[in-house]
Amino acid sequence: MPIAAAIALGLGAVAAAGAPPQNVSYSAAQASAGDKLFAAKCSACHGEHLEGGAGPALTGATLNTLAKNTKLTVGDMFTFISQQMPLNEPASLTHDQYVAIMAYILHYNGYKTGVKPLTYAAATNSTTVVRSLK
Ligand code: HEC
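Residues numbered from 1 in each chain as written. Predicted model: local features only at pLDDT ≥ 70, side-chain atom pairs only at ≥ 80, totals over all residues. Heavy atoms only, no water.

1. Describing the overall build of the protein
So, step 1. Helix and strand counts for the protein stand at 6 helices and 0 strands.
So, step 2. The order of α-helices and β-strands along the protein, N terminus first, is α-α-α-α-α-α.
So, step 3. Relative to its 134 residues, the protein shows a buried fraction of 37%.
So, step 4. Sequence-distant contacts in the protein: of pairs separated by 6 or more residues, those separated by 24 or more amount to 65%. (Helix = DSSP H or I, 4+ residues; strand = E, 2+ residues; numbered from the N terminus. Buried < 20%, exposed > 50% of the residue type's maximum accessible area, 1.4 Å probe, protein only. Contact = heavy atoms within 4.5 Å.)

2. Examining the coordination of the iron atom of the ligand
So, step 1. Bound to the iron atom of the ligand are the protein donor atoms H46 (NE2) and M85 (SD), situated 2.0 to 2.3 Å from the metal.
So, step 2. Here the iron atom of the ligand binds 6 donor atoms, and the angle range of 84 to 178° at the metal identifies the geometry as octahedral. On the criterion of sequence distance, the pair formed by H46 in helix α3 (residues 43-46) and M85 in the loop between α4 (74-84) and α5 (95-108) is long-range, its members being 39 residues apart. There is no split in this pair, since H46 and M85 are both buried. (Donors = N, O, S within 2.8 Å, 3.2 Å for Na, K, Ca; no water. Tetrahedral: all angles 85-135°; square planar, octahedral: opposite > 155°, others 65-115°.)

3. Brief notes about unusual backbone geometry
So, step 1. A cis geometry characterises the amide bond from M85 onward to P86, with omega recorded as -5°.
So, step 2. Considering the arrangement of structural elements, one finds P86 in the loop between α4 and α5.
So, step 3. Here the phi dihedral of L50 falls at roughly 60°; this positive angle occurs in a residue that is not glycine.
So, step 4. Position of L50 among the secondary structure elements: in the loop between α3 and α4.
So, step 5. For L50, a relative accessible area of 0% translates into the label buried.
So, step 6. Even without being glycine, A91 reaches a positive phi, approximately 55°.

4. As for α4
So, step 1. Turning to α4, its buried residues are V74, G75, M77, F78, I81 and S82. One face of α4 carries all of its buried residues, which in axial projection span an arc of 165°.
So, step 2. The inward-facing, buried residues of α4 abut α5 and α6 (120-125). (Arc of directions from axis to C-beta.)

5. A closer look at the packing of helix α2 (residues 28-41) against α5
So, step 1. The interhelical angle for the contact between α2 and α5, taken along N-to-C directions, is 100°, at an axis separation of 7 Å. When the interaxial angle is binned, α2 and α5 end up roughly perpendicular. Residues Q30, A31, A33, G34, D35, L37 and F38 of α2 form the contact with α5, whose participating residues are Q97, V99, A100, I101, A103, Y104 and H107.
So, step 2. Its residues assigned to classes, the contact of α2 with α5 comprises 9 nonpolar, 4 polar and 1 charged. (Axes fitted to C-alpha atoms, helices over the stretch in contact; angles between N-to-C directions. Parallel < 35°, antiparallel > 145°, perpendicular 65-115°, else oblique. Nonpolar A, V, L, I, M, F, W, Y, C, P; charged D, E, K, R; others polar.)

Have a look at this one:
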């Protein structure tokens, strides 16, 4: 095998074992807006540091309780949040607010900010698996 090909394969393997593929992008401004919204609308039940309380933790090993440990995608989680949360007032936020909160949850769990802001459609359709990268 040519050396260049072996190196390319090697790097591919490292990337696969380390960070999962991230096909979801959000901006720093969205994550920051989401931080404030989460504190106001979600933290009473999910904790100030997403550690959980009346609602499940949204970080760490229990992040995917919704999917019962199957592969929860950003699309699954976003659809759930935008239709059913906050529990006491479902679907009460604007699309932009839900998108910002999703960006914050991703940011908190170690996903990197990207060039493109997250959109409602991209969040709904994202197949990126949600897990804590921290
Ligand atoms: C009044 C309490 C309460 C508030 C406020 C609330 N939640 Fe929840 N949340 C819950 C409970 C309880 C569950 C578990 C529901 C279930 O299992 O059916 C839950 C489940 C979830 C889940 C699924 C968790 C998982 O691991 O699969 C997500 C994601 C979520 N909430 C996000 C949010 C977001 C984002 C907000 C703010 C917009 C919010 N919640 C506001 C109580 C709350």
